[in-house]
Amino acid sequence: MSAEIFEKANAFLAEIEAYEISDAASLEAFRIRFLGSKNILKGLFAEMRNIEPERKKDFGLLVNKVKKAAEARFESAGDRATGSAAASVDKPDLSLPAGNRFQGGRHPLSIVQNKMVDIFSRLGFAVVEGPEIDDDWHNFTALNTPEDHPARDMQDTFYVQLEPAMMLRTQTSSTQTHVMEKGQLPIRIISPGRVYRNETISARAHCQFHQVEGLYIAENVSFADLKQTLIYFAKEMFHRDIKVRLRPSFFPFTEPSAEMDISCLICGGPGCTVCKKTGWVEILGCGMVDPNVLTNCGIDAEKYTGFAFGIGVERTAMLHYQVGDLRLFFENDMRFLSQFRSVT
Ligand code: DAH
């Protein structure tokens, strides 16, 4: 019995030596037969249990010899038959330059939002997150938005339910009301997040975008505090010689209200599509919290005053990176995104 098995092993040895290897295909056939994952030599190892104990060692040596012979044959024939092809399968070329390893990075909007959070954190603002699906009270009514205000119109708001009304929040100002209702004063928070509006998508507008809301309520908070806070933010954010201006405006939840523009960093002044040829770009709305809002949320409006602001993250990012079209942020085109490789 065992003689037969020895014979079989020797026959493989002979076959290996005599195997006709003339091209890549025959080399591959040889590899599959003798070295592949289901190679024929595996059967020899299985035969070990049929060998008498005193011959096991000899058989082991023989099988090893067959295996080594197959490897040596493959190597030498490979070099001759296919030149570099076989060589490259077995032996990596260590002299080749290393391949570029792909490294992911944060989305530019996240980088800018994180930077905004960082700036306000330094001023003592804590981060609070609010719900993206909210009710009418928190998104509109408590914020002093009258029943007939056009912003409530289905044109602008994505309702997910009509009775009772539930909607995708149209502004992060909704977080203000959630925080005020908790009644822990003073309040000094910012709330970054996504908001939704039924807007036509263009270079300047999108149906989903991001805001960073700010709210400060304490005793004796004044408009001067608001102004200094926002000027500090603008200087820290853009780190450039920018001009800032506050324009009177209207929001239902603030009185007085203002909007802040910064000098257009895309065209540097003469006018472009982003600044609508004015040289100024609006980046935020702000104001002193309307006493009605404080009262709606159970805060004593005689004792407390506050300011609030809502900054557009896309606008800020467009200026910061000088990107002229907001849609680029949402297209997930790697050629665009790979230019912002900050890991912070
Ligand atoms: N919620 C306003 C908007 O989306 C922005 C805003 C204006 C937020 C004034 C405020 C504020 O907190 O006080 O247009």
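Here, the structure is the one placed above.
Residues numbered from 1 in each chain as written. Predicted model: local features only at pLDDT ≥ 70, side-chain atom pairs only at ≥ 80, totals over all residues. Heavy atoms only, no water.

**Q** Describe the pattern of salt bridges, listing the residues and the values that go with them.
**A** This model, assessed by the stated rule, comprises ten salt bridges. Residue Lys8 pairs with Glu47 through a salt bridge whose shortest N-O separation is 3.4 Å. Of the two residues, Lys8 is situated in helix 1 (residues 2-18) and Glu47 in the loop between helix 3 (42-46) and helix 4 (56-82); the sequence distance between them amounts to 39 residues. Residue Asp261 is joined to Arg247 by a salt bridge in which the shortest nitrogen-to-oxygen separation is 2.7 Å. Here Asp261, found in strand 8 (residues 254-263), pairs with Arg247, found in strand 7 (residues 244-251); they are 14 residues apart in sequence, far enough to count as distant. For Arg247, a relative accessible area of 27% gives the class partly exposed. (Salt bridge = Lys/Arg side-chain N within 4 Å of Asp/Glu carboxyl O. Helix = DSSP H or I, 4+ residues; strand = E, 2+ residues; numbered from the N terminus. Buried < 20%, exposed > 50% of the residue type's maximum accessible area, 1.4 Å probe, protein only.)

**Q** Please set out helix 6 (residues 108-122) residue by residue, giving values where relevant.
**A** For helix 6, built from 15 residues, the straight-helix expectation of 21 Å at 1.5 Å per residue is met to within 8% by its first-to-last C-alpha distance of 21 Å. Along helix 6, the residues that are buried comprise Pro108, Leu109, Ile111, Val112, Gln113, Met116, Val117, Ile119 and Phe120. After helix 6 finishes, the residue Gly124 shows a positive phi value of roughly 95°. (Expected span 1.5 Å × (residues − 1).)

**Q** Now, about the packing of helix 6 against helix 11 (residues 313-321): what can you tell me, with residues and values included?
**A** Put simply, helix 6 and helix 11 touch, their axes get as near as 9 Å, and they point 100° apart. When the axis of helix 6 is compared with that of helix 11, the two are roughly perpendicular. Taken together, the residues of helix 11 that come into contact with helix 6 (itself represented by Pro108, Leu109, Ile111, Val112, Gln113, Lys115 and Met116) are Val313, Glu314, Thr316, Ala317, His320 and Tyr321. Of the residues assigned to the contact of helix 6 with helix 11, the class counts are eight nonpolar, three polar and two charged. (Axes fitted to C-alpha atoms, helices over the stretch in contact; angles between N-to-C directions. Parallel < 35°, antiparallel > 145°, perpendicular 65-115°, else oblique. Contact = heavy atoms within 4.5 Å. Nonpolar A, V, L, I, M, F, W, Y, C, P; charged D, E, K, R; others polar.)

**Q** Which residues make up the sheet that holds strand 9 (residues 280-289), and what values go with them?
**A** The sheet built from seven strands is open, its strands ordered 1-5-6-10-9-8-7 with mixed pairing. A strand with exactly one partner marks an edge of an open sheet, and here the two such strands are strand 1 (126-127) and strand 7. Relative to strand 6 (residues 208-218), strand 5 (residues 187-196) runs antiparallel, the two sharing ten bridges. Of the residues in strand 6, the one forming a bridge with Pro192 is Val212. In the packing of helix 8 (residues 173-182) onto the sheet, contacts are made with strand 5, strand 6 and strand 10 (305-312), and the angle to strand 6 comes to roughly 35°. (Pairing = 2+ DSSP bridges.)

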